[in-house]
Amino acid sequence: MYAHMRNVGDTVTLTSPQLSHLQAQCLRFFFLRGGPGVSLRVYEYHTISTRFAPSLWVSNDTHLSNEWIRVQLNLLITDPVTVNFEAKKTDASFTKIEIDDVSLTPFQCDPPITCR
């Protein structure tokens with residue numbers, strides 16, 4: 001997904017199909033944030049109770065490297081949900097945001113590897 005937004009406050013949302021496998025799952029994706037004028041957040045929408053869950057993840061100012069960054073999130077799905085990626089233009093500077101290689105696999109994510 002590539003989001004180009006012109007006006008401050010513009011929002012683009014990518015919504016997954018409904019997920020109904022009630023189990024732990026690992027959501028992985030890469031994103032590229034091309035400047036400070038855009039934020040990205042990931043959240044669940046519970047389709048039966050029609051409520052939004054708190055954000056699972058939100059980009060911050062350390063994600064300004066203009067390089068692809070890998071994110072992995074553990075999801076514990078207890079009722080049917082959609083997963084939403086929301087990009088929002090936060091200031092007037094020229095910027096872009098891209099999301100790629102989104103995957104959802106059963107079971108929790110593997111812990112990060114630490115090099116010695």
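It should be emphasised that the depicted structure is a prediction, and the values quoted were computed from it without experimental measurement.

Rules used in this analysis
Residues numbered from 1 in each chain as written. Predicted model: local features only at pLDDT ≥ 70, side-chain atom pairs only at ≥ 80, totals over all residues. Heavy atoms only, no water. Helix = DSSP H or I, 4+ residues; strand = E, 2+ residues; numbered from the N terminus. Buried < 20%, exposed > 50% of the residue type's maximum accessible area, 1.4 Å probe, protein only. Contact = heavy atoms within 4.5 Å. Areas by Shrake-Rupley, 256 points an atom, 1.4 Å probe, with all protein chains shown as cover. Disulfide = S-S within 2.5 Å. Phe/Tyr/Trp six-rings, centres within 6.5 Å; stacked < 30°, edge-to-face > 60°.

**Focus: the overall build of the protein chain**
Then step 1. In terms of regular secondary structure, the protein chain is built from zero helices and nine strands.
Then step 2. In the protein chain, the order of α-helices and β-strands from amino to carboxyl end is β-β-β-β-β-β-β-β-β.
Then step 3. Relative to its full complement of 116 residues, the protein chain shows a buried share of 36%.
Then step 4. Once local pairs closer than 6 in sequence are excluded, the contacts in the protein chain between residues at least 24 apart make up 84%.
Then step 5. Accessible surface computed for the protein chain: about 7,100 Å², of which carbon and sulfur atoms make up 54%.

**Remarks on the state of the cysteines**
Then step 1. Throughout the structure, instances matching the rule amount to one disulfide.
Then step 2. Paired by a disulfide, Cys26 and Cys109 hold their sulfur atoms 2.0 Å apart. Of note, the bridge from Cys26 to Cys109 carries an S-S torsion of about 100° and is right-handed in sense. Pair noted here: Cys26 is in strand S3 (residues 24-33) and Cys109 is in the segment after strand S9 (97-106), with a separation of 83 residues, a long-range link.
Then step 3. Here Cys26 falls in the buried class, since its relative accessible area comes to 0%.

**Looking at the environment of Val81**
Then step 1. Within the secondary structure, Val81 sits in strand S8 (residues 81-89).
Then step 2. On the accessibility criterion, Val81 (1% relative accessible area) is buried.
Then step 3. Measuring from C-alpha to C-alpha, the distance between Val81 and Tyr45 comes to 5.3 Å, with 36 residues separating the pair along the chain.
Then step 4. The contact partners of Val81, leaving out residues within four places of it in the chain, are Pro17, Gln18, Leu19, Glu44, Tyr45, His46 and Thr47.

**Some words on the environment of Gln108**
Then step 1. Within the secondary structure, Gln108 is located in the segment after S9.
Then step 2. In this structure, Gln108 is in contact with Ala24, Cys26 and Asn74, ignoring residues within four places of it in sequence.

**As for the side chain of Glu86**
Then step 1. Take Glu86: it is sitting in strand S8.
Then step 2. Setting aside residues up to four positions removed in sequence, Glu86 forms contacts with Thr11, Val12, Thr13, Ser39, Leu40, Arg41 and Tyr43.

**Here we look at the packing of aromatic side chains**
Then step 1. Evaluation of the coordinates by the stated rule reveals five aromatic pairs.
Then step 2. Aromatic side chains Tyr45 and Phe52 sit 4.7 Å apart centroid to centroid with 55° between the ring planes, which places their arrangement in the tilted category.
Then step 3. The exposed category is assigned to Phe52, whose relative accessible area is 56%.
Then step 4. Through successive ring pairs, a cluster of aromatic residues spans Phe29, Phe31, Trp57 and Phe85.

So far we have only geometry, and geometry alone does not tell us how the molecule works.
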